[in-house]
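What the coordinates show
Spelled out, the chains give:
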Amino acid sequence: MNLKESIESVRNNFRTDSDPFPTDSKSIELLYVKYLGRKGLVSDLFSQLINVSNKERPSIGKNLNQLKKEITNSFKIVDRSSSNIDSIEEDYTLPGLSFPTGYIHPLQQTMNEIKTIFMNVGFSIAYGPEIDDDFHNFGALNFPPEHPARDMQDTFFIDPDTVLRTHTSNVQIHLMENEEPPLRYIVPGRVYRNEAISFKSYCLFHQVEGIYVDKNVSFADHKGILEFFVKRMFGEQTKMRFRPSFFPFTEPSAEVDIWSEKSGQWLEILGSGMVDPEVFKSVNIDPDIWQGFAFGMGIERICMLKYEIDDIRLLYQGDMRFLEQF
Ligand code: DAH
């Protein structure tokens, strides 16, 4: 038998000997010594290499190295945890295996940040129903019966009196019905709107609502809290402005914009205002004693501004290539 044939025969023998691969450490060790030990079959083949002609040596040498690698690898595949053959060929200087880890979704990260900022100044967290009646989603918030926001185009109706909430403002009403003022809450949650899906709108999104009710609350308190929030969320240097606006449930109402150096324009980030006395009346709170302010912001919008994401749908597709970046 020439060396080439001997290599093939050792290869075949190993296949037979290692199928099935032994499971107890003693047999694994015997198998290892037989083939890869100092006086094993592979080392024996190597010692015969000097008898091969110069011409043949490179190709046979290569084949032999390959055989050694195959046999060595089949020992590596075996789970070492159940055996004590650790002494064999373990290179402790190799980098460890890395395991895939999960990521907190960018929307959840944004939500967590907002929650933390408000909790630091004394707000508690509250939640409310996503399926609600007309009274909590619209009526008590001073939307007149024919208000366009009630339109079928925007609102998912379950029946004429039941909707998927279109905003988290419904929870303002639940909180004021259930608790005596003073109140200081933020309300994170999902909201639903029957809008055409595009890069900037989706049929569901998230909001954080804020409601603050106490005696002697002024517009200055309202402004102070939101200024604090904007600086924490977007950085101390962020320029912001209050722009007069309208919501049925606040009077006066304002929208808050922040200045984007990059795009050279004001970007709207939230709606807010002083709680309208009509809203207090609908939940039997006396507006001559209590005042308050409220605000609501879209989490997707804030998240997209903060991380420069240009398509809202990315937040809903579960694509790892996107999510891994956060
Ligand atoms: N509910 C409003 C919306 O979905 C946002 C909002 C504006 C909430 C003003 C408020 C507020 O609490 O005072 O567009």
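The shown structure was predicted, so the numbers you read here are calculated from the model rather than taken from an experiment. (Residues numbered from 1 in each chain as written. Predicted model: local features only at pLDDT ≥ 70, side-chain atom pairs only at ≥ 80, totals over all residues. Heavy atoms only, no water.)

This part is about the overall build of the chain. Along the chain, the regular secondary structure elements total eleven helices and ten strands. The globule rule puts the C-alpha radius of gyration for 326 residues at 20 Å, and the 35 Å found for the chain is more than 25% above it. A principal-axis box enclosing the C-alpha atoms of the chain has dimensions of 105 × 45 × 40 Å. For the chain, the proportion of its 326 residues judged to be buried stands at 43%. Of the contacts formed within the chain by residues at least 6 apart in sequence, a portion of 64% connects residues at least 24 apart. (Helix = DSSP H or I, 4+ residues; strand = E, 2+ residues; numbered from the N terminus. Rg over C-alpha atoms; globule rule 2.2 N^0.38 Å. Buried < 20%, exposed > 50% of the residue type's maximum accessible area, 1.4 Å probe, protein only. Contact = heavy atoms within 4.5 Å.)

This part covers the side chain of His136. With respect to the helices, strands and loops of the structure, His136 is situated in helix α6 (residues 134–137). At 2.7 Å, the side chain of His136 forms a polar contact with the side chain of Asp133. Polar side-chain contacts of His136 include one of 2.8 Å to the side chain of Glu177. Sequence-distant contacts of His136, that is, excluding residues within four places in its chain, are made with Leu141, Asn170, Ile173, His174 and Glu177. (Polar contact = N/O pair within 3.5 Å; in protein donor to acceptor, adjacent residues only side chain to side chain.)

Across all of its chains, the model carries 19 aromatic pairs by this definition. Look at Phe138 and Phe143: their rings are 5.2 Å apart centre to centre, the planes differ by 75°, and that puts the pair in the edge-to-face class. For the pair formed by Phe138 and Phe143, the shared burial category is buried. Pairwise contacts between aromatic rings join Phe118, Phe123, Tyr212, Phe229, Phe293 and Phe295 into one cluster. (Phe/Tyr/Trp six-rings, centres within 6.5 Å; stacked < 30°, edge-to-face > 60°.)

The next subject is the site of the ligand. In the vicinity of the ligand lie 15 residues, with His167, Ser169, Arg193, Gln207 and Glu209 positioned nearest. Within the contact set of the ligand, an oxygen atom lies 2.9 Å away from a side-chain nitrogen or oxygen of Gln207. In isolation the ligand has 360 Å² of accessible area, and contact with the protein removes 89% of it. Of all the secondary-structure elements, those providing two or more residues to the shell around the ligand are β6 (204–214), β9 (265–275) and β10 (291–298). Of the residues contributing to the shell around the ligand, the split by class is four nonpolar, nine polar and two charged. (Near = heavy atom within 4 Å. Areas by Shrake-Rupley, 256 points an atom, 1.4 Å probe, with all protein chains shown as cover. Nonpolar A, V, L, I, M, F, W, Y, C, P; charged D, E, K, R; others polar.)

Once that is clear, we can look at the environment of Tyr32. Take Tyr32: it is sitting in helix α2 (residues 25–36). Taking the C-alpha atoms as reference points, Tyr32 and Ile71, separated by 39 residues in sequence, lie 8.8 Å from one another.

It is worth spelling out the pairing of strand β8 (residues 250–260) at this point. Burial within β8 is extensive, with eight of its eleven residues counted as buried. As defined by bridge partners, strand β7 (residues 240–247) adjoins β8 across seven bridges and the pair is classed as antiparallel. Looking at β8, one finds that Phe242 is bridged to Val256. Here β7 folds back onto β8 in antiparallel fashion, the turn holding two residues. What sits between β8 and β9 in their antiparallel hairpin is a turn of four residues, with Gly264 showing a positive phi close to 60°. (Pairing = 2+ DSSP bridges.)

Here we take up α2. Along its twelve residues, α2 runs 15 Å from first to last C-alpha, staying within 8% of the 16 Å computed at 1.5 Å per residue. Within α2, the full set of buried residues consists of Ile28, Leu31, Tyr32, Tyr35 and Leu36. The buried residues of α2 occupy an angular sector of 100° when the element is viewed end-on, so they sit on one face. Exposed side chains of α2 directed beyond 90 degrees from the buried face belong to Lys26 and Leu30. (Expected span 1.5 Å × (residues − 1). Arc of directions from axis to C-beta.)

Moving on, we get to the packing of α2 against helix α4 (residues 57–77). Contact pair α2 / α4: the axes reach a minimum separation of 11 Å and the direction vectors enclose 170°. Classified by the angle their axes make, α2 and α4 are roughly antiparallel. Between α2, through Ile28, Leu31, Tyr32, Tyr35 and Leu36, and α4, the contact on the second element is made entirely by Lys68, Ile71, Thr72 and Phe75. Residues of the contact of α2 with α4, tallied by class, amount to seven nonpolar, one polar and one charged. (Axes fitted to C-alpha atoms, helices over the stretch in contact; angles between N-to-C directions. Parallel < 35°, antiparallel > 145°, perpendicular 65-115°, else oblique.)

Core analysis: the largest hydrophobic core is formed by 37 residues, its most contacted members being Ile114, Phe118, Phe229, Leu270, Phe295, Met297 and Leu315. Among residues more than four places away in sequence, those in contact with Leu315 are His105, Pro106, Leu107, Glu300, Cys303, Met304, Ile309 and Phe322. Phe138, Ala140, Val283 and Ile285 belong to the second-largest nonpolar core, a separate cluster that totals 23 residues. (Core = buried A, V, L, I, M, F, W, Y, C linked by side-chain atoms within 4.5 Å.)

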